[in-house]
Amino acid sequence: MTGKIEARLKEIGIELPAPSQPAGTYVPYVLTGNLVFISGQGPVGPKGLEYQGKVGQEQNAESGKAAARLTMINVLAQLKAACGGDLDRVTRCVKLLGFVNSTPDFDQQPSVINGGSDLLVEVFGEAGRHARSAVSAASLPFQMTVEIEAIFEIA
């Protein structure tokens, strides 16, 4: 039986990928009590790392926002794994931390990370609204344009 959240993802045309494996000595998520902490994810798609470079140089704010949306799809893939495949267990997104690989003069990091935040609200409704920080990074691993980590509450 397809759950409510899976049906919503299908309705908006999103098929979650298999969750990626860590690129270092860490785990993709930690489940403690009713909280799931998702390690930083990047804009990996079917072609591999799909957005690289700095916003304000190789990327613009719109492509950065698209990178954040793709990154959030990867966050959701990890969340689904943490929930044993049942995203209906999610009661709310608590917090996001978004990093934007950007030039020193670029100051629209919140607008870029909205690509991920907007997707959470589109998928979970009010339960997708969250506290958030969106900050500039001088560089990110593999020259990723965006990296996002998240905390969710589950039942």
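Residues numbered from 1 in each chain as written. Predicted model: local features only at pLDDT ≥ 70, side-chain atom pairs only at ≥ 80, totals over all residues. Heavy atoms only, no water.

## Here's the deal with helix 2 (residues 61–82)
Stage number 1. An ideal rise of 1.5 Å per residue puts 32 Å on 22 residues; helix 2 measures up with 31 Å between its terminal C-alpha atoms.
Stage number 2. Sitting at the amino-terminal end of helix 2 is Asn60, which places a side-chain oxygen 3.0 Å from the backbone nitrogen of Glu62.
Stage number 3. Gly84 occupies a position one or two residues after helix 2 and carries a positive phi of about 65 degrees. (Helix = DSSP H or I, 4+ residues; strand = E, 2+ residues; numbered from the N terminus. Expected span 1.5 Å × (residues − 1). Polar contact = N/O pair within 3.5 Å; in protein donor to acceptor, adjacent residues only side chain to side chain.)

## Re the pattern of salt bridges
Stage number 1. Scanning the entire structure with this criterion turns up five salt bridges.
Stage number 2. For Glu6, the salt bridge identified is with Lys80, shortest N-O distance 3.0 Å. On the criterion of sequence distance, the pair formed by Glu6 in helix 1 (residues 4–11) and Lys80 in helix 2 is long-range, its members being 74 residues apart.
Stage number 3. Accessibility expressed as a relative area gives 26% for Lys80, which makes it partly exposed. (Salt bridge = Lys/Arg side-chain N within 4 Å of Asp/Glu carboxyl O. Buried < 20%, exposed > 50% of the residue type's maximum accessible area, 1.4 Å probe, protein only.)

## Topic: the pairing of strand 2 (residues 35–41)
Stage number 1. One ladder, built from four bridges, connects strand 1 (residues 29–32) with strand 2; its direction is antiparallel. Its bridge partner being in strand 2, Val30 is matched across the sheet by Phe37.
Stage number 2. Pairing analysis gives five bridges linking strand 2 to strand 7 (residues 146–154), with the strands arranged antiparallel. Bridging from a neighbouring strand, Val36 pairs with Phe152 of strand 7. (Pairing = 2+ DSSP bridges.)

## Focus: the sheet that holds strand 2
Working definition: the strands of a sheet are paired by backbone hydrogen bonds and lie parallel or antiparallel to each other.
Stage number 1. Reading across from one edge, 1-2-7-5-6 is the order of the five strands in this open sheet, with mixed pairing throughout. Edge positions in the open sheet fall to strand 1 and strand 6 (131–137), since each of these has one partner strand only. Between one strand axis and the next, the sheet turns by 10 degrees as a mean value, whatever way the strands run.
Stage number 2. In the packing of helix 2 onto the sheet, contacts are made with strand 1, strand 2, strand 5 (90–101) and strand 7, and the angle to strand 7 comes to roughly 40 degrees. (Axes fitted to C-alpha atoms, helices over the stretch in contact; angles between N-to-C directions. Contact = heavy atoms within 4.5 Å.)

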